[in-house]
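# Examination of the molecular architecture
Residue-level listing of the chains:
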Amino acid sequence: DPAGLTGEQIPLETRIAIVARDADLFARAGEDVAGILRRRSGKAYDPGVVDAVLRLGPMSREAEWSEVLDAEPEPWAYVVDIDNALAAIADYADLKSPWTRGHSPAVAELALEAGRLAGLDEETLRDLRRAALVHDLGRVGVDNGVWDKEGPLAASESEKVRLHPYLTERVLDRCAPLAGLARIASSHHERVDGSGYHRASAGDDLPLAARILAAADVMQALTTDRPFRPAWGQEDAIEMLEEEASAGHLDPEAVALVIQSVGGAAKSLAKAIPGGLTDREVEVLRLMSKGNTNKQIGQELFISPKTVGRHVENIYAKIGVSTRAGAALYAMEHRLLG
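About the criteria used
Throughout, residues of each chain are indexed from 1 in the direction in which the sequence is written. The model is predicted, so local features are restricted to residues of pLDDT at least 70 and side-chain atom pairs to those at 80 or more, both for listing and for counting; the totals for chains, interfaces and linings are taken over all residues. Hydrogens and water molecules were not included; the side-chain quantities draw on all heavy atoms of the structure. Numbered from the N terminus, helices here are DSSP runs of H or I no shorter than four residues, and strands are runs of E no shorter than two. Based on C-alpha atoms, the radius of gyration is set beside the globule rule, defined as 2.2 Å times the residue count to the power 0.38. Relative accessibility thresholds used throughout: buried, under 20% of the residue-type maximum; exposed, over 50%; partly exposed, between the two (1.4 Å probe, protein chains only). Any two residues whose heavy atoms approach within 4.5 Å at even a single point are treated as in contact. In short, Shrake-Rupley with a 1.4 Å probe defines the accessible areas, and a residue's cover is counted only from the protein chains shown. Neither His nor the chain ends is counted toward charge; the positive residues are Lys and Arg and the negative residues Asp and Glu. Here the site of a charge means NZ on Lys, CZ on Arg, CG on Asp, or CD on Glu. Only the stretch in contact is used when fitting a helix axis, every axis being a line fitted to C-alpha atoms; angles between N-to-C directions are given from 0 to 180 degrees. Orientation categories follow fixed angle ranges, with anything under 35 degrees roughly parallel, anything over 145 roughly antiparallel, 65 to 115 roughly perpendicular, and all other angles oblique. Note on residue categories: nonpolar means Ala, Val, Leu, Ile, Met, Phe, Trp, Tyr, Cys or Pro, charged means Asp, Glu, Lys or Arg, and polar means any other residue, Gly included. Each crossing gets its hand from how the near helix is turned against the far one by less than a right angle, where anticlockwise is left-handed and clockwise is right-handed. Pairs of N or O atoms within 3.5 Å make up the polar contacts considered here, provided that, within protein, one atom can donate a hydrogen while the other can accept it, and that residues adjacent in sequence are counted only when both atoms are side-chain atoms.

Further remarks concern the overall build of the chain. For the chain, the count of helices and strands is 17 helices and zero strands. Relative to its length of 338 residues, the chain is compact, with a C-alpha radius of gyration of 22 Å against a globular reference of 20 Å. With the C-alpha coordinates of the chain rotated into their principal frame, the extents come out at 60 × 55 × 40 Å. The buried share of the chain, taken over its 338 residues, is 41%. Contacts spanning at least 24 positions in sequence make up 60% of the contacts within the chain whose residues lie at least 6 apart. Put simply, the chain shows about 18,100 Å² of open surface, and 54% of that area lies on carbon and sulfur atoms. In the chain, 38 positive and 53 negative side-chain charges are present, and the distance between their average locations comes to 6 Å.

Here is the structure:
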């Protein structure tokens, strides 16, 4: 665990999720699920959780969702602060690849600012921000080999990419409190001329909130590094958005709103640097959170790897972590990756 938690220090929900995840993976691989769980009970797994899973017996793949929910013992816990919960889900989705860390919250702030300029009512603004936070949840269902590929994608890989908005929709639709977000959240790759995916929606099928989310997603993606290209400058990204609008792909009104919102969204994300970190340490933290080695960080910042190493040690000491994974989570939690 990045925080160094053990035993019952780890939340029960997390202990259950770990066993359920691994049991599913073992079942898919045709392994002896019960035998593996018993061998790992008391070591990697909570014995009480293992016993509970084994008492359930074999579950059908079609019914497993409802069966797991029905098996939850009372008293049941309900999420009250849904916005913080969705922010955590956004970070979870962004952790799929070092290239996307911090992407979803940044898209959410940009879309929210654009929605305000558009005069959307408070309920629509709330749902737009929430949908933007979880729009890339489906990314977790696609292999990292696809997301992190440096060269052009093969046809089969492109099809996997086109699948992720569908997965976002299916995940959200299975949860009644979030089902209302599914349509907007899964529309971030739709285009007003019908050339997008996964539904190839067009025209009036896409409300303004969906068009804003699509434009905000493109803007944020263009201005951050990707494995196949470096980040674009803001002016170049704006020019690309305007070209996409002129070509009929993105909605011109949504593009104009997003372009107007760039400065405002940046200000809303800007906060005092936490943990006593210096500006240079934040630069190092951002680069290490995206998977760069000390040598790569040094080349980027024109300092030696040894100097980078000292900065990393200082960062660990100040924010109370001991691994790069822990540092990345800290950077995401405090919105330092923008």
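Turning our eyes to something else, we now look at the packing of helix H14 (residues 279-289) against helix H16 (residues 305-319). The contact between H14 and H16 brings their axes to 10 Å, and the two run at 95°. The angle between H14 and H16 falls in the class roughly perpendicular. Mapping the contact onto sequence places Arg280, Glu281, Val284, Leu285 and Met288 in H14 and Val308, His311, Val312, Asn314, Ile315, Tyr316 and Lys318 in H16. Across the contact of H14 with H16, the residue classes break down as seven nonpolar, two polar and three charged.

A separate point is the packing of H14 against helix H17 (residues 324-333). The geometry of H14 relative to H17 is characterised by a closest axis approach of 9 Å and an angle of 115° between their N-to-C directions. As the angle between them shows, H14 and H17 are arranged roughly perpendicular. With respect to the hand of their crossing, H14 and H17 are arranged in left-handed fashion. Of the residues in H17, those in contact with Leu285, Met288 and Ser289 of H14 are Arg324, Ala327, Ala328, Tyr330 and Ala331. Its residues assigned to classes, the contact of H14 with H17 comprises six nonpolar, one polar and one charged.

This next bit is on unusual backbone geometry. Note the cis peptide between Tyr197 and His198, where omega equals 15°. Turning to its location among the elements, His198 is positioned in the loop between helix H10 (182-185) and helix H11 (208-222). The backbone phi angle of Ala200 is positive, close to 55°, even though this residue is not glycine. With respect to the element layout, Ala200 can be found in the loop between H10 and H11. Judged by its relative accessible area of 42%, Ala200 falls in the partly exposed class. You will see that Phe302, though not glycine, has its phi angle at about 60°, which is positive.

Moving on, we get to the side chain of His189. Within the element layout of this structure, His189 appears in the loop between H10 and H11. According to the relative accessible area criterion, His189 is buried, its value standing at 17%.

So, on to H17. Those residues of H17 that fall on the buried side of the exposure criterion are Gly326, Ala327, Ala328, Tyr330, Ala331 and Met332. Looking at the packing, one finds that the buried side of H17 touches helix H5 (82-94), H14 and H16. Taken from the residues just after H17, Arg335 is the one with a positive phi, measuring 55°.

On to the side chain of Thr100. Relative to the assigned elements, Thr100 resides in the loop between H5 and helix H6 (103-118). For Thr100, a relative accessible area of 4% gives the class buried. Within the structure, Thr100 has its side chain in polar contact with the backbone oxygen of Asp94 (distance 2.9 Å). Excluding residues that lie within four positions of it along the chain, Thr100 makes contacts with Ala93, Asp94, Arg139 and Arg226.

Geometric values such as these leave the question of function open.
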